[in-house]
Amino acid sequence: MSNPSRLKVLTVFGTRPEAIKMAPVVNALAKYPDEFDSKVCVTAQHRQMLDQVLDLFRIKPDYDLNLMRPNQTLFEITTDVLMGMKTVLEKEQPDVVLVHGDTTTTMATSLAAFYMKIPVGHVEAGLRTWDKYYPFPEEINRVVTDGIAELYFAPTEGSKENLLRTGAKPEQIILTGNTVIDALFYTLHKPDRNGHLPITLDDAKRLILVTVHRRENFGEPMLEICRALKELVEKNPDVEMVIPVHMNPNVRETVYGILGGLPRVHLIDPLDYEPFCRLMERANIILTDSGGIQEEAPSLSKPVLVLRDETERPEAVHMGTVKLIGPHYDKIMAETNLLLNNPDAYQAMAKAANPYGDGHASERIVQALRDFKAKKGPVAAASTR
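Asker: Explanation requested: the sheet that holds strand β6 (residues 151-154) in the structure shown.
Answerer: Within a sheet, adjacent strands bond to each other through the backbone by hydrogen bonds, running parallel or antiparallel. The parallel open sheet is built from seven strands, whose spatial order is β3-β2-β1-β4-β5-β6-β7. The open sheet has two edge strands, β3 (63-64) and β7 (173-175), and neither has a second partner. Sheet analysis places β6 next to β7, joined by three bridges and oriented parallel. The partner of Tyr152 across the bridge, within β7, is Ile173. The strands touched by helix α3 (residues 74-92) within the sheet are β1 (7-13), β2 (36-42), β3 and β4 (96-100), with β1 carrying the most contacts at an inclination of about 165 degrees.

Shown next, in the form of structure tokens:
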């Protein structure tokens, strides 16, 4: 029987990036069973990659909607999540639903909770590019979610300012830092960690780690990226490159078509989170269109070149540890070669400050939920700086 003195929290996520960033929150809530009745629902918008993270953080979902299907469209994901969450919410009747970031799972779950008048807490709230089509559909997903949420867990001062700009009340916003730093530190320092790299590398060579998967980079942008990567390896014999290749055929066909079989280019399947963290530790330079890596790599003092023209995470750009170069051949060549050949330029990026927190964001979220439960209203958490 449910204890009415506990706050009933339903945490919902569906993709690997969400799972990585929400796992520390789930585990933090589990430390206080007398205060929180914590349940987890996964939509499995991603399946295999999601399960890897659940295993790493030892999380067993209470509900698994198992919605992933081949070539699913945004229409299908949205309607499936909306109807699946209707059933879960009707059964659980939580006091608050926690969602993360900017996925279709997040937006549709928030809408389902809104229809049932259940408060939503948005972890990683307030990120913006101010361009509704970039990234697509993530920008609108987070705008809709922030329009519904009652509790905003903002990772940075910039995201807090974005929320205030769009009408959120100051007392609704809790500055937490980013939970991905919690996840990164947990993974790299857990007692039973796997310290081995997932592939054999030449210690005498510098490593460029590359990830690319976003819809807006499909087609010609992906071709430009891969042509630049090919030339970088061919013209820098002391460089190795590792590319965990996304399973989407729009990515795989181009990457393997241009880079397959090249010496010193390792094309591998997507990695579990723990071995990927090991590769980030080993890398000298990271090229990516991912959002999370823009936050993780600064904590490891790794320069990041972002294969996008805009980012909803401008803080590291301002600090100097991340640089936007877009999916453009000339910029990729120029900026990567600068880091490879100019030690001062490399050190300037590697030593820049990390703006994304101290690894205690989940604890701040738990405290904010205590405040919510006590009906005192959310209280601004201590600064992460």
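Asker: Explanation requested: the packing of α3 against helix α4 (residues 104-115) in the structure shown.
Answerer: The packing of two helices is summarised by the inter-axis angle and the distance between the axes. Taken N-terminus to C-terminus, the directions of α3 and α4 make an angle of 40 degrees; their axes are 8 Å apart at the nearest point. Our classification of the angle between α3 and α4 gives oblique. When you trace α3 past α4, the crossing you get is right-handed. Contacts between α3 and α4 involve Leu74, Ile77, Thr78, Val81, Leu82, Met85 and Leu89 from the first element and Thr104, Thr105, Met107, Ala108, Thr109, Leu111, Ala112, Ala113 and Tyr115 from the second. Classifying every residue of the contact of α3 with α4 by side-chain character gives 12 nonpolar, four polar and no charged.

Asker: When you look at the side chain of Asp146 in this model, what are you seeing that I'm missing?
Answerer: Secondary-structure assignment places Asp146 in helix α5 (residues 138-148). Polar side-chain contacts of Asp146 include one of 2.9 Å to the side chain of Arg128. In contact with Asp146, not counting residues within four places along its chain, are His122, Ala125, Gly126, Arg128, Tyr152 and Leu163.

Asker: When you look at the side chain of His100 in this model, what are you seeing that I'm missing?
Answerer: Within the fold, His100 resides in strand β4. The class of His100 is buried, set by a relative accessible area of 4%. Those residues within four positions of His100 in sequence are excluded, and the remaining contacts are Val12, Glu18, Lys21, Met22, Thr106, His122, Val123 and Glu124.

Asker: Explanation requested: unusual backbone geometry in the structure shown.
Answerer: The phi torsion of most residues other than glycine is negative, and most of the peptide bonds are trans. Residue Pro135 is reached from Tyr134 by a cis peptide bond, and omega for that bond is -5 degrees. Position of Pro135 among the secondary structure elements: in the loop between β5 (120-123) and α5. Residue Pro137 is reached from Phe136 by a cis peptide bond, and omega for that bond is 0 degrees. You can see Pro137 is positioned in the loop between β5 and α5.

Asker: Got a minute to help me understand the environment of Thr43 in this structure?
Answerer: Mapped onto the fold, Thr43 is located in the loop between β2 and α2 (48-56). For the pair formed by Thr43 and Ile268, sequence separation is 225 residues and the distance between their alpha carbons is 26 Å. Here Thr43 is in contact with Val12, Phe13, Gly14, Leu65, Asn66, Leu67, Val81 and Thr105, once residues within four sequence places are set aside.

Asker: Before we go on, may I ask you to explain the sheet that holds strand β10 (residues 265-268) in this structure?
Answerer: Pairing within the open sheet is parallel, and its six strands lie in the order β10-β9-β8-β11-β12-β13. Unpaired on one side and paired on the other, β10 and β13 (322-324) mark the two borders of the sheet. Each strand of the sheet is rotated relative to its neighbour by a mean of 20 degrees, with strand direction disregarded. By the bridge criterion, four bridges tie strand β9 (residues 239-244) to β10 in an arrangement that is parallel. Paired with Val242 across the strands is His266, a residue of β10. Helix α13 (residues 329-341) contacts β8 (206-211), β9, β11 (285-288), β12 (304-306) and β13 of the sheet and is inclined by roughly 165 degrees relative to β11.

Asker: Help me understand the pairing of β4, please; the structure alone is not making it clear to me.
Answerer: Successive residues of a regular strand alternate their side chains across the two faces of the sheet. Across the five residues that make up β4, a large majority, five, are buried. Residue alternation in β4 divides its side chains into two sets, Val96, Leu98 and His100 and Val97 and Val99, and both sets are buried. Pairing of β1 with β4 involves three bridges; the strand directions are parallel. Opposite Val9, over in β4, you have Val96 as the bridge partner. Pairing of β4 with β5, which is carried by four bridges, proceeds in the parallel orientation.

Asker: How should I be thinking about the nonpolar core in this particular structure?
Answerer: If you look at soluble globular proteins, the nonpolar side chains tend to sit buried side by side. Among the nonpolar cores identified, the biggest contains 58 residues, and Phe13, Phe153, Tyr273, Met280 and Leu369 are the most heavily contacted of them. If you tally residues by element for this core, the top one is helix α1 (residues 16-30), at eight residues. Among the nonpolar cores identified, the runner-up in size contains 33 residues, and Val245, Leu307, Leu339 and Leu340 belong to it.

Asker: What is the right way to look at empty space enclosed by the protein in this model?
Answerer: Rolled over the atoms, a probe as big as a water molecule pinpoints where empty space is left. Scanning the entire structure with this criterion turns up two cavities of 30 Å³ or more. Considering the residues around the largest cavity, the lining is formed by 13 residues, among which Leu127, Pro155, Thr156, Glu312 and Glu315 are closest to the centre. Of the residues that constitute the lining of the largest cavity, the class distribution is four nonpolar, five polar and four charged. In this structure, the second largest cavity spans a volume of roughly 30 Å³. For the second largest cavity, the full set of lining residues is His100, Val123, Glu124, Phe153, Pro155, Thr176, Gly177, Asn178, Thr179 and Ile365.

Asker: It is not clear to me how helix α9 (residues 249-259) should be interpreted in this structure. Could you clarify?
Answerer: In an α-helix, one turn spans 3.6 residues; hence positions three or four apart end up facing the same way. Three or more residues of α9 are buried, namely Val251, Arg252, Thr254, Val255, Ile258 and Leu259. Where the residues of α9 are buried, they touch α8 (220-235), β9 and β10. The backbone nitrogen of Asn250 has a side-chain oxygen 2.8 Å away, supplied by the residue at the start of α9, namely Asn248. Among the residues trailing α9, Gly261 stands out with phi positive, at a value near 85 degrees.

Each value, and the rule that gives it
By convention here, each chain's residues receive numbers from 1 onward along its written sequence. Only residues with pLDDT of at least 70 are given local features in this predicted model, and only at 80 or more are side-chain atom pairs given and counted; all residues enter the totals for whole chains, interfaces and linings. Values reported for side chains reflect all heavy atoms of the structure, with hydrogen atoms and water molecules removed beforehand. Each pair of strands is called paired provided DSSP finds at least two bridges between the two strands. Numbering of helices and strands starts at the N terminus; helices are DSSP runs of H or I of at least 4 residues and strands are runs of E of at least 2. Here, residues are in contact when the closest pair of their heavy atoms is within 4.5 Å. Each axis is a line fitted through C-alpha atoms, and for a helix only the stretch in contact is used; angles between axes span 0 to 180 degrees, taken between their N-to-C directions. By definition in this entry, angles of less than 35 degrees are roughly parallel, angles greater than 145 are roughly antiparallel, angles of 65 to 115 are roughly perpendicular, and the rest are oblique. Take the far helix as your reference; a near helix turned counterclockwise from it by less than a right angle gives a left-handed crossing, and one turned clockwise gives a right-handed crossing. Put simply, Ala, Val, Leu, Ile, Met, Phe, Trp, Tyr, Cys and Pro go in the nonpolar bin, Asp, Glu, Lys and Arg in the charged bin, and everything else, Gly too, in the polar bin. Within 3.5 Å is the distance limit for a polar contact, defined as a pair of N or O atoms, with the added protein rule that one can donate a hydrogen and the other accept it, and that residues adjacent in sequence qualify only through two side-chain atoms. Under the scheme applied here, a residue whose accessible area is under 20% of the maximum for its type counts as buried, over 50% as exposed, and between as partly exposed, the area being computed with a 1.4 Å probe on protein chains only. Throughout this description, the term nonpolar core refers to a set of buried Ala, Val, Leu, Ile, Met, Phe, Trp, Tyr and Cys residues connected via side-chain atoms within 4.5 Å. The method works on a 1 Å grid over the protein atoms by themselves. A cavity is a set of points holding a 1.4 Å probe that cannot get out, a pocket is an open set with protein on both sides within 12 Å along at least five of seven lines, and residues with an atom within 4 Å of a point line them. Grid points are joined across faces, edges and corners, and a volume is the space filled by probe spheres set on the points.

Honestly, that's just the spatial picture; any functional story needs more than this.
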